[in-house]
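# Overview (structure and organization)
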Amino acid sequence: MGYCRTMQQPPPPGFAEYPRGGWQPSYQELKDLSDGYFGLSRAFIINVVLALAVRLAGSANPRLEEDLGLVSVTVLGIALIVFFATLGPNRRIGAGLGWKPSGPILASVLMGLNSALCCGIVGYLVVQGMAMKRIKQYGIKTGLFGLRKQDIQARLEELRSAHP
C-alpha cells in the first residue's frame, strides 16, 4: 500500500516526510514577468525605429554609408541605446525567472550587439519566449500576437485577492 497524504497516514518505516518544493504562483513574479515582457516589446519598437531612421538617412545621403567611422559610431550608438532600453525589462524578467544578477546584463549586451542584424529580433524572441513560458504556468492563454495585458491584469488581481 502506498503512502497517501489525504488519508493522513504516517510515512512507511525508513521514509521521512518532507515538504516537496514546487513552483507556487506569485503575484510579484507574474508582475515582474509581465512588466518585462511588455517592456521588451516597447524596446523592440524603439530598436526598429532607430534602424529605419539610420537606413533612411543612409539612403538619403549615400556618402554616409561609405564613411566607415560614421557607420561604426552609428552601430555603437544603436547598440548602447538598445542596451539601456532592454536592461530594465530584462531585469524584471530575470527577477521573475530567478536569474543571477549578471543574466539581465548579458542579455541586454547581446541584444544591443545583435541590434545591427535584423534589429536583434532573435534576442527579443528568446527572452520574451522564456517569460511567456513561465507566464503560461499561471493559466494565461496566448493569442496570435502573444499575451494580452487584460488577461494578465485579471490574473494579478486574483493572486492579490487570494494572498492579501
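The structure we're discussing is the one just above.
Here we summarise the structure given alongside this text. The shown structure was predicted, so the numbers you read here are calculated from the model rather than taken from an experiment. (Residues numbered from 1 in each chain as written. Predicted model: local features only at pLDDT ≥ 70, side-chain atom pairs only at ≥ 80, totals over all residues. Heavy atoms only, no water.)

## Some remarks on the packing of aromatic side chains
Tallying each qualifying case throughout the model produces three aromatic pairs. Residues Phe-44 and Tyr-124 carry aromatic rings whose centres are separated by 5.0 Å and whose planes lie at 70° to one another, so their mutual orientation is edge-to-face. In this pair, Phe-44 sits in helix H1 (residues 27-60) while Tyr-124 sits in helix H5 (residues 121-136), placing the two residues 80 residues apart along the sequence. Judged by its relative accessible area of 24%, Phe-44 is partly exposed. Sitting over the ring of Phe-38, Lys-149 keeps its end group 5.2 Å from the ring centre. (Phe/Tyr/Trp six-rings, centres within 6.5 Å; stacked < 30°, edge-to-face > 60°. Helix = DSSP H or I, 4+ residues; strand = E, 2+ residues; numbered from the N terminus. Buried < 20%, exposed > 50% of the residue type's maximum accessible area, 1.4 Å probe, protein only. Lys NZ or Arg CZ within 6 Å of the ring centre and 35° of its normal.)

## Remarks on the environment of Val-82
The topology assignment puts Val-82 in helix H3 (residues 68-97). Among the residues examined, Val-82 registers a relative accessible area of 2% and is labelled buried. As for Val-82 and Gly-112, which are separated by 30 residues in sequence, their C-alpha atoms are 5.0 Å apart. In contact with Val-82, not counting residues within four places along its chain, are Asn-47, Met-111, Gly-112, Ser-115 and Tyr-124. (Contact = heavy atoms within 4.5 Å.)

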